[in-house]
Amino acid sequence: LSGLLQTIARDIEGMLPAARCCILLLDEDGQHPRIGAAPSLPEFFQDMGDVTTDGQGIYTCCTAALSGQRTVVEDISSHPAWQPFRALALRVGLAASWSQPILSAQNRVLGSLTIYHLQACAPSPDDIQLLEHEAKLAALVLEKTSTEAHLQLAASVFTHAREGIMIVDASGQIVDVNDTFAQITGYGRAESIGRNPNMLKSGRQDAEFYGLMWKTLVERGHWSGEIWNRRKNGEIYAEALTISAVRDANGVLKNYVALFTDVTSVKDQQRQLEHFAHYDALTGLPNRVLLADRLQQAMLQSQRRNQSLAVA
């Protein structure tokens, strides 16, 4: 990114030999600008360039551009905003500054592009056109770099997530899975893509269960719960599953994304604890806790059916 912005700045200076270019970038919160490129400004001047949007810093005249408006200072020596830094500007030889906001496709301010002149002057129509063109070019560079960074981050999260991830298209075909999916299910990426997720069905849940799942997914856009599936080797396992519907800007369904973790060991531990609580450790026979539980259930059932109950 820095190299591309430096190239833009040097190109401007090549077209305007009596100019110095500086590109400021806003951070994610839009409050703290930093220098993105200033190839011909001395380091001591750049070191004074840390600014905030409240107007503090050597580039205070550029902060107006950071609010989204072009800012033209024809004569730095007489401009009130430059009063605290006039001596420093004269030391560098700067006499005028023209700043253009760098705007995203959604008109969000990404930074500003400033051309400093060594003589006091106003920009010509060609200068304004150059400012606008180069600011748009800088915006394209910034947005492309940001998009690539977000894609790399998303790819990294997808690859290294500890949860299994499966992406299914609107027709119900698997379009991608991550490494954890393969580790849990035994199905690799190549043999999963293009298949239907029902290849994992264990048969423990009936059609009513899946009907309710898809009804909830259609109505709410997401479903969460536990489900029993079957690995490639035939072993049945339990998973905690969340499915989310993904729609485009027009609300059209594009994909389903499923995230799941293997909870088989947790279910096994629950069964063991329930067995210890309800059965005698020595004889393996049901204990009083289980008797009380079953008796309570039987009493409730007999009340609902208006039937009598006997205990022998």
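Everything quoted here is computed from the prediction, not taken from an experiment.

Next up on the list: the sheet that holds strand β5 (residues 109-117). Reading across from one edge, β2-β1-β5-β4-β3 is the order of the five strands in this open sheet, with antiparallel pairing throughout. Each edge of the open sheet is held by one strand with a lone partner, namely β2 (33-37) and β3 (71-73). The average undirected angle you get between the axes of adjacent strands in this sheet is 25°. Sheet topology places strand β4 (residues 96-103) next to β5; eight bridges connect them, and they run antiparallel. Along β5, the bridge assignment pairs Q100 with L113.

Here we take up the confidence of the model for the protein. Here the protein averages 81 in pLDDT, and 86% of its residues register 70 or above. Helix α2 (residues 43-47) is the least confidently modelled element of the protein, averaging 67 in pLDDT, while strand β7 (residues 174-177) averages 91, the highest of any element. Segment residues 50-57: pLDDT under 50, and 19 contacts once partners within four positions in sequence are set aside and those in other chains are kept.

Ranked by size, the top nonpolar core spans 24 residues in total, and within it L5, I8, I12, I23, I102, L113 and I115 carry the most contacts. Only α1 (2-15), β1 (19-26), β4, β5 and α4 (125-160) provide two or more residues apiece to this core. Not counting the four nearest positions on each side in its chain, L113 is found in contact with I8, I12, C21, C22, I23, W98, S99, Q100, I102, L131, E134 and A135.

In this section: the pattern of salt bridges. A pair can form between side chains of opposite charge whenever their charged atoms are brought close. Scanning the model with the defined rule gives six salt bridges in all. Where E191 meets K232, a salt bridge forms, and the shortest distance between an N and an O atom there is 3.0 Å. Here the residue E191 occupies a position in helix α6 (residues 189-192), and K232 occupies one in the loop between β8 (222-230) and β9 (236-247), the gap between them amounting to 41 residues. For E191, a relative accessible area of 31% translates into the label partly exposed.

By the element assignment, L309 lies in the segment after α9 (288-305). Here L309 falls in the partly exposed class, since its relative accessible area comes to 43%. The spacing of L309 and A298 is eleven residues in sequence and 7.8 Å in space, taken between C-alpha atoms. With residues up to four places along the chain from it excluded, the contact list for L309 reads L295, A298, M299 and S302.

It is worth spelling out the layout of surface pockets at this point. Of the volumes computed, that of the second largest pocket is approximately 400 Å³. Of all the secondary structure elements, the ones that give two or more residues to the lining of the second largest pocket are β6 (164-169), α7 (207-220), β8, β9 and β10 (253-262). For the lining of the second largest pocket, a count of residues per class yields 14 nonpolar, five polar and three charged.

Further remarks concern a nonpolar patch on the surface. A contiguous nonpolar patch, built from M299, L309 and V311 and spanning about 270 Å² of accessible area, is present on the exposed surface. Looking at the element boundaries, V311 is found in the segment after α9. Accessibility expressed as a relative area gives 63% for V311, which makes it exposed.

Quick notes on the rules
Residues numbered from 1 in each chain as written. Predicted model: local features only at pLDDT ≥ 70, side-chain atom pairs only at ≥ 80, totals over all residues. Heavy atoms only, no water. Pairing = 2+ DSSP bridges. Helix = DSSP H or I, 4+ residues; strand = E, 2+ residues; numbered from the N terminus. Axes fitted to C-alpha atoms, helices over the stretch in contact; angles between N-to-C directions. pLDDT = per-residue confidence, 0-100. Contact = heavy atoms within 4.5 Å. Core = buried A, V, L, I, M, F, W, Y, C linked by side-chain atoms within 4.5 Å. Buried < 20%, exposed > 50% of the residue type's maximum accessible area, 1.4 Å probe, protein only. Salt bridge = Lys/Arg side-chain N within 4 Å of Asp/Glu carboxyl O. 1 Å grid on protein atoms, 1.4 Å probe; cavity = no way out; pocket = protein on both sides within 12 Å on 5 of 7 lines; lining within 4 Å. Points joined across faces, edges and corners; volume = space filled by probe spheres on them. Nonpolar A, V, L, I, M, F, W, Y, C, P; charged D, E, K, R; others polar. Patch = residues over 30% accessible without salt bridge, like charges linked within 9 Å, V, L, I, M, F, W, Y side chains within 5 Å. Areas by Shrake-Rupley, 256 points an atom, 1.4 Å probe, with all protein chains shown as cover.

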